[in-house]
Every structure is written in C-alpha cells, then in structure tokens.
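Chains, contacts and geometry: an overview
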Amino acid sequence: MDYLYKAIALNDEIKVYVVRSTDTTNEALKRHDIWPSAASVLGKAMTIALMIGGTLKLEEAVTIKLNGNGPIGYVCVDADSYGHVRGYVQNPHVNFTNRNGLDEVLTLGYNGFIDVIKDLKLDNLFTSSIEINTGDLAKDFTYYFAKSEQTPSAILLGSKFNCDNTCSVCGGILIQLLPNASEETILYLEQKLQNVPEFSKLLEDNDDLENILKFFFDNNYNLLSKTPVEFRCPCSKERFVSGLLTLSKEDLYEEASLDKDLEVVCHYCNNSYTFSKEEILALAKIKEKHDAKH
C-alpha cells in the first residue's frame, strides 16, 4: 500500500512530505491504458497533488492542470487531504525515451502553463497559474511554491517502469522551509540536496518511507502522521444524473428519441454508466416540471 508521511525536521525549522505512489500510479495506468512516459508524467503529477493535499485541512482539495503543449496534451489531477487522488491525461498512448530512460519533458512539453486550484471551503477558489519553464515537474513546482505561495521549497520526484509496462516505483518528497529556518539549516539542506541519488533509487532501497526521512535528517525529525494514499474517484451514476439535469429538456427528449442507451464515461477513472431510454425520459420530465415552476 502507498503512504504519505508528514514530518517536521531540523529543530522544527522545516516541514516534510514524502509519498510512495507506486500502487496509485499502477491503478491509473490500468484504468487508462497509459503508455510509460505518459504514465510517468501522470504518476508524478499525482504525487505532487498528494503532497499538496497533505498541506490542506479536512474537506479541502486541490486540482492541478498541466498543459505544456506536448504530445500528451493536457493532464488533470485532483487530490484531497485524506490521501485520495485521481487523474487522467488527454492522450494516454504516448511514450518517448532518451538515453537516460523515459523522456517526460518531450512527453509533457515546456511551452504552456501549470494551474493549481485549491478549494479551501471559502467563498472563492484559490487559483494560481505559472508558466511551465522546463517540463521537469520537480523543477517547475519548486518554482510554483516560490512564486505563487512564497514558500521556499525543494521537490524531488522519481519513477521507474518495468518491461511489462507496469510501474515498479513512483514517489516524491517536498521539503519546505518554515519562517524560523536558520542559515545553518538552509546550508545543511543545500549541501544535502547536492549529494542526493536519484529519488527513484531511494524509493527502491527503502520500503519504509521513514528511512528516507532518516537519510535526509538523521534522527532530527518528528513524524507527524502516516496516511494511506490511493487512486479513488467519487464518481457515481447519481452524480452523472446531476450533470444530465443541466441539459435542456429539449436535449434530453432528443437523446431519448434516439431509442438507445446512453453511456457516459468519467474522464478521471474511466468508469462508465449506462442510462436507458426510460431513464432519460424520466430526467426530461423532471426537467420539464422544474422549468414550468420557474
């Protein structure tokens, strides 16, 4: 099972979020039939969303939209504070490699925008948009935190895939300086980050995420929580009923006149729901009654 660990470290001067998202990525890969470099982009995007979700309070949520104008098209991911995440890509059958392995930069592109939308249960959503400067999600989201949230941060991400097109490892770490961070702590982090192996290697070598915390901070940390994370979509037929009721009664009657079942598919999880002609007619009559009252 995948987990998100939250900790405070280095004399309570930094916050840390570290997540293993291997099973989560494999679930997305299976649901959407995603090829490796596209799956790696989605897996890392979901990893970032889970870590941002870890910074939120109960019932709050975050949506991340990526569009680098690359072959993968757009990427959309949702996560909440409970460790639930879901996501999809516009073009799942994309795979590019280079001499170092999967080429995520070519897959995503680097001429577009990152949009982060937070639902903090206030009157308005918190929305921030930045340019994709590199196509490397770790670098671009490090820039996002500095520019949009004014929080000096470091992000490391890693993923590897097997010959059978399954994910062998995926995850990441988000390290954020607190306002009381000393120059000594900042220097320590800078030196540590210069000598870190690939994060996928750390994940491969450490089944227990707490060992990764020890790698970075020795014993100078306090583990705050361990949250199971998973790919989970709250879609249901009832939710799609609400969506269909946003259509006009004319559209619903026209759909019913086709005399065949209507199949709707959730972009996020690829679950499908079928509405019979009778069900569509019933919705059209509900809409007609509603319109008559208003």
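So, here is what we can say about the structure in this document.

Reading the values: the criteria
- Residues numbered from 1 in each chain as written.
- Predicted model: local features only at pLDDT ≥ 70, side-chain atom pairs only at ≥ 80, totals over all residues.
- Heavy atoms only, no water.
- Salt bridge = Lys/Arg side-chain N within 4 Å of Asp/Glu carboxyl O.
- Helix = DSSP H or I, 4+ residues; strand = E, 2+ residues; numbered from the N terminus.
- Buried < 20%, exposed > 50% of the residue type's maximum accessible area, 1.4 Å probe, protein only.
- Pairing = 2+ DSSP bridges.

A word on the pattern of salt bridges
As a working rule, side chains carrying opposite charge can pair if their charged atoms are close by. A complete count under the given rule lists twelve salt bridges for this structure. With a shortest N-O distance of 3.6 Å, aspartate 205 and lysine 201 are connected by a salt bridge. Of this pair, aspartate 205 and lysine 201 are both found in helix H6 (residues 199-205), four residues apart, which corresponds to roughly one turn of the helix. Under the relative-accessibility criterion, aspartate 205 is labelled partly exposed at 49%. As a salt-bridge pair, aspartate 259 and lysine 277 come within 3.3 Å of each other at their nearest N and O atoms. One end of the pair, aspartate 259, is in the loop between helix H9 (249-257) and strand E13 (262-265); the other, lysine 277, is in helix H10 (residues 277-293), and 18 residues separate them in sequence. Under the relative-accessibility criterion, aspartate 259 is labelled exposed at 54%. When its relative accessible area of 29% is taken as the criterion, lysine 277 is described as partly exposed. Taken together, the shared-partner salt bridges connect Glu27, Lys30 and Arg31 into one network.

A word on the pairing of strand E12 (residues 221-231)
Each regular strand shows side chains that alternate between the opposite faces of the sheet. Two elements, strand E1 (residues 2-9) and E12, share eight bridges in a ladder whose sense is antiparallel. In the sheet register, lysine 6 faces E12, and the bridge partner there is serine 225. Bridge analysis of strand E5 (residues 84-89) against E12 gives two bridges, and the strand direction is parallel. Considered in E12, the bridge of valine 85 is made with phenylalanine 231.

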